[in-house]
Amino acid sequence: MARTRGVYFLASDDEVKKIRQKMDEAGIRSMGAYLRKMALDGYCVNLELDDVKEVRSLLRRCSNNLNQYAKRANETGSIYADDIRDIQERLEDIWQELQEILVHLSSIQ
């Protein structure tokens with residue numbers, strides 16, 4: 001969407017200071033983006049993504065292990081029960097993390 005129309009307003013030094021503080025709290029660097037979001041929606045949401053980063057890390061480890069197990073299975077022609085249990089445990093950890101994230105996200109108002 002092309003933005004071709006300017007919308008301008010004046011603010012005091014204190015108001016600009018408060019706007020910048022709220023921008024920092026929301027993690028937004030662009031004043032134009034912040035003011036547009038606030039004018040259109042009335043709020044900005046800044047999500048803490050540490051839980052998502054943890055799930056990504058768990059998925060990466062699980063994926064790496066699965067690749068190692070597949071390589072071993074191709075080399076030896078067999079799959080080990082311990083390897084299957086390890087993958088199952090890791091996937092259960094991932095599902096648990098995802099459920100916690102979904103509960104947290106559903107509580108945001």
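Coordinates for the structure precede this section.
Figured I'd write up the structure that's included with this text. (Residues numbered from 1 in each chain as written. Predicted model: local features only at pLDDT ≥ 70, side-chain atom pairs only at ≥ 80, totals over all residues. Heavy atoms only, no water.)

## A short note on the overall build of the protein
- Helix and strand counts for the protein stand at four helices and zero strands.
- Listed by position from the N terminus, the elements making up the protein come as α-α-α-α.
- In terms of overall dimensions, the protein is more spread out than a globule: its C-alpha atoms have a radius of gyration of 24 Å, far above the 13 Å expected for 109 residues.
- Its C-alpha atoms give the protein principal-axis dimensions of about 75 × 30 × 20 Å.
- For the protein, buried positions account for 14% of its 109 residues.
- Distance from the positive charge centre (17 side chains) to the negative charge centre (19 side chains) of the protein: 9 Å. (Helix = DSSP H or I, 4+ residues; strand = E, 2+ residues; numbered from the N terminus. Rg over C-alpha atoms; globule rule 2.2 N^0.38 Å. Buried < 20%, exposed > 50% of the residue type's maximum accessible area, 1.4 Å probe, protein only. Lys, Arg positive; Asp, Glu negative; His and termini not counted. Charge placed at Lys NZ, Arg CZ, Asp CG, Glu CD.)

## Quick word on the side chain of Asp 83
- On the secondary structure map, Asp 83 appears in helix H4 (residues 81-106).
- Within the structure, the side chain of Asp 83 is placed 2.6 Å from the side chain of Arg 72, a separation counted as a polar contact.
- Setting aside residues up to four positions removed in sequence, Asp 83 forms contacts with Tyr 69 and Arg 72. (Polar contact = N/O pair within 3.5 Å; in protein donor to acceptor, adjacent residues only side chain to side chain. Contact = heavy atoms within 4.5 Å.)

## A few points about the nonpolar core
- Formed by Val 55, Leu 58, Cys 62, Tyr 69, Ile 87, Ile 94 and Ile 101, the largest nonpolar core amounts to seven residues.
- Only helix H3 (50-76) and H4 provide two or more residues apiece to this core.
- Considering each element in turn, this core owes the most residues, four residues, to H3.
- Once you skip the residues sitting within four places of it in the chain, Val 55 turns out to touch Ile 94, Glu 97, Leu 98 and Ile 101. (Core = buried A, V, L, I, M, F, W, Y, C linked by side-chain atoms within 4.5 Å.)

## Details of the pattern of salt bridges
- Taken as a whole and assessed by the stated rule, the structure comprises four salt bridges.
- Its salt-bridge partner being Arg 90, residue Asp 86 comes within 3.2 Å of it at the nearest N-O pair. Of the two residues, Asp 86 and Arg 90 both sit in helix H4, four residues apart, roughly one turn of that helix. (Salt bridge = Lys/Arg side-chain N within 4 Å of Asp/Glu carboxyl O.)

## Considering a nonpolar patch on the surface
- On the surface, a cluster of nonpolar side chains totalling about 720 Å² of accessible area is made up of Tyr 43, Val 45, Leu 47, Leu 49, Val 52, Leu 102, Leu 105 and Ile 108.
- Looking at where Leu 102 falls in the secondary structure, it is placed in helix H4.
- Judged by its relative accessible area of 57%, Leu 102 is exposed. (Patch = residues over 30% accessible without salt bridge, like charges linked within 9 Å, V, L, I, M, F, W, Y side chains within 5 Å. Areas by Shrake-Rupley, 256 points an atom, 1.4 Å probe, with all protein chains shown as cover.)

## Notes on the packing of helix H1 (residues 13-26) against helix H2 (residues 31-41)
- The N-to-C vectors of H1 and H2 enclose an angle of 90°; their axes lie 11 Å apart at closest approach. By the angle class used here, H1 and H2 are roughly perpendicular. Counted together, Ile 19, Arg 20, Lys 22 and Met 23 of H1 and Met 31, Tyr 34 and Leu 35 of H2 form the full contact between these two elements.
- Here the contact of H1 with H2 is composed, by residue class, of five nonpolar, no polar and two charged. (Axes fitted to C-alpha atoms, helices over the stretch in contact; angles between N-to-C directions. Parallel < 35°, antiparallel > 145°, perpendicular 65-115°, else oblique. Nonpolar A, V, L, I, M, F, W, Y, C, P; charged D, E, K, R; others polar.)

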